[in-house]
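Tertiary structure, described
The primary structure of each chain is shown beneath.
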Amino acid sequence: MSVVAALAPSSGVAVARTLRGWLLPLGIFVGFLVVWDILVRFLGLPQFILPAPSRIAEAWVVYLPELWASTTYTLVEIVAGLIIGSFAGILMGAVTARWVGLRESLLPFAVAVNSIPIIAFAPLLNNWFGLDSQLSKAMVAAVLCFFPVMINTARGLLHVDPAALELLRSGAASEAQVFRMVRVPSALPFVFTALKVATTLATIGAIIGEYFGAPSLSIGQYIVRYAAFLNLERSWAAIVFACSIGIGLYMLVVAVERLVMPWHSSFRAGEA
Amino acid sequence: MTDSQTDTVVQLSGVSKVFEGRGQKAARVEALSGIDLSVRRGEFISLIGPSGCGKSTLLRIVGDLIGVSDGTVMVNGKLAREARLAREYGMVFQAPVLFDWRTVQRNVELPLEIIGRPKQEREARAREMLALVELGDFAGHHPWQLSGGMQQRAAIARALALDPAILLMDEPFGALDEMTRERMNLELLRIWERTATTVIFVTHSIPEAVFLSTRVVVMSARPGRITKIVPIDLPRHRDVETREMEHYFELVTEVRESLRGSEGEAVDPRRVAAEGLSA
């Protein structure tokens, strides 16, 4: 009885805190939309400069089927790019963390790849992997994801408490055991931080790839086409979809992160 | 004669350690010089000395975490490296070094996991060790849910999991407050009596060294040398009352005075310079 009584108020407080955590940003967002709408109407801005949110919402509803088709088409590219880029990044990060010689010889190439302006590179990738193929856009996304994931994986694997290494050494652990028991768990927070950045980069990469050639029902082409026709509320509606993809993927990574490393200090607030 | 030989767990002869400076500006540091020490089975040896006297380095040399520049280290009749590969050591550091991603129980299982013991045996042994350090009720907790003293007890349980020939402890209670530290000292003595293991213990605290040890090894700095070995002839079983015995205070004073002597040597720059020239 007393336990329940003691728990009830605190869980009530927790719910209130969570609600406040959601409500505040939501309130600010809605307020922002309202001010935007009022300003556009008040100043009489032409819709090809900045459409009112209400018009964007209208476009959203009217063109939902084609927007949805474009979104799913682009989403496939983003997810494929994210997987290819992150997988390659984690692999290379692990390899360079393990062999110093490789790190020194491969890092300049990775830096070089990273410093290629993606705008310059996207048409070439379209050329290599097919202008109308989803693979070429996935590759643009993968190139963008690769570097942060690789660098953070390598750093995480190397960023290990020296005392932990001494402990395993005194227990005469094999190198594979050190890797599995200490390095990988220590690297996880770094890898997930990189993956969060990578979701955004993959979204950007896929859409940029589409600017240089893709079917008309893809987010990138949709935005470009209706911007050219000055049907900006339709471009904006597509941008809202692109944002939703980015946010959705980010939250997916956060969810996986919680699942994989529930022990991490950033998730402990509720347990104290 | 044969008895006393087999009774020797650690034999250090003429051990020295020089850290060669890397780069042009880094100096060459003579961390240890001419260390001879033998530790008998069941002894509790404390290494004490000013900062930079190489006591932690000496502990790591015994545990084969650092190699020697000169001299030999024999543990149980084997070279230190062979002893390490035969898992004869248990190590406890100043930080508990428990892994957040493992429960307390699974942290204690770690050394058993390294040598590939079956799950059931691991769990049974870890439970036994946790009971020994009186953490049985916390097996399922995660390290961050434990206080500093409890974390260090878990680290001791882990170090004892393989029933090591020798327990190496590097200022294990240095980060704890005075009250917890005194409680942990009693706890450690109780564990030592029950397991009859041999302990080498590095500390900054004179009372702690005297209270715990059978012998206190006093060291001086630059280069690290053994200046005196003080036998602690207090009764083997010690408790709160031991800290109030007159002989306890006499021994604390003796260690303090030997330390003062060694420190004076260490900080005299002319002497250091002269030694540098003659070397």
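Scroll up to find the structure this text is about.
In what follows, the accompanying structure is described.

**So, the overall build of chain A**
When you go through chain A residue by residue, the secondary structure sums to 10 helices and zero strands. Start at the N end of chain A and walk to the C end: the helices and strands fall as α-α-α-α-α-α-α-α-α-α. Over its C-alpha trace chain A gives a radius of gyration of 23 Å, far above what one expects of a compact globule, namely 19 Å for 272 residues. Once the C-alpha set of chain A is aligned to its principal axes, its extents read approximately 75 × 65 × 30 Å. Counting the 272 residues in chain A, one finds 40% classified as buried. Carbon together with sulfur atoms contributes 76% to the accessible area of chain A, which is approximately 14,800 Å² in total.

**Things to note about the interface of chain B and chain A**
Residue-level contacts link 19 residues of chain B with 20 residues of chain A. Counting the surface chain B buries against chain A, the share from its top three residues, B:Trp101, B:Ile114 and B:Trp144, is 34%. For the interface between chain B and chain A, the tally reads two salt bridges. Linking B:Arg60 and A:Glu166 is a salt bridge whose minimum nitrogen-to-oxygen distance equals 2.6 Å. Summed over the shared surface of chain B and chain A, the number is seven residue pairs in polar contact (both at pLDDT 80 or more). Among the elements of the structure, helix 3 (80-85) and helix 4 (104-114) of chain B are those that each provide at least two residues to the side of chain B that touches chain A.

**Looking at the pairing of strand 4 (residues 70-75) of chain B**
Residues and elements named next belong to chain B. Pairing of strand 1 (residues 8-19) with strand 4, which is carried by five bridges, proceeds in the antiparallel orientation. Bridged to Gln11 within strand 4 is Met74. Two elements, strand 4 and strand 5 (residues 78-79), share two bridges in a ladder whose sense is antiparallel. Across the sheet, Val75 pairs through a bridge with Lys78, a residue of strand 5. Hairpin remark: strand 4 followed by strand 5, antiparallel, with two residues in the connecting loop; positive phi at Asn76, about 55°.

**A short note on empty space enclosed by the protein**
Within the structure shown, the criterion is met by three cavities of 30 Å³ or more. A volume near 150 Å³ is recorded for the largest cavity. If you go around the largest cavity, you meet 13 residues; those closest to its centre are A:Leu167, A:Ser170, A:Gly171, B:Tyr89 and B:Pro111.

**Points about the sheet that holds strand 6 (residues 89-92) of chain B**
Residues and elements named next belong to chain B. In spatial order, the strands read 6-7-8-3-9-10; together these six strands make up an open sheet with mixed pairing. The open sheet has two edge strands, strand 6 and strand 10 (225-231), and neither has a second partner. Neighbour-to-neighbour, the strand axes of this sheet turn through a mean angle of 20°, independent of strand direction. Bridging between strand 7 (residues 166-170) and strand 8 (residues 198-203) involves five bridges; their strand directions are parallel. Its bridge partner lying in strand 8, Asp170 is registered against Val202. Packed onto the sheet, helix 7 (residues 178-195) meets strand 3 (44-48), strand 7 and strand 8 and runs at close to 160° relative to strand 8.

Quick notes on the rules
- Residues numbered from 1 in each chain as written.
- Chains lettered and ligands numbered in written order.
- Predicted model: local features only at pLDDT ≥ 70, side-chain atom pairs only at ≥ 80, totals over all residues.
- Heavy atoms only, no water.
- Helix = DSSP H or I, 4+ residues; strand = E, 2+ residues; numbered from the N terminus.
- Rg over C-alpha atoms; globule rule 2.2 N^0.38 Å.
- Buried < 20%, exposed > 50% of the residue type's maximum accessible area, 1.4 Å probe, protein only.
- Areas by Shrake-Rupley, 256 points an atom, 1.4 Å probe, with all protein chains shown as cover.
- Contact = heavy atoms within 4.5 Å.
- Buried area = accessible area lost by both parts, 1.4 Å probe.
- Salt bridge = Lys/Arg side-chain N within 4 Å of Asp/Glu carboxyl O.
- Polar contact = N/O pair within 3.5 Å; in protein donor to acceptor, adjacent residues only side chain to side chain.
- Pairing = 2+ DSSP bridges.
- 1 Å grid on protein atoms, 1.4 Å probe; cavity = no way out; pocket = protein on both sides within 12 Å on 5 of 7 lines; lining within 4 Å.
- Points joined across faces, edges and corners; volume = space filled by probe spheres on them.
- Axes fitted to C-alpha atoms, helices over the stretch in contact; angles between N-to-C directions.

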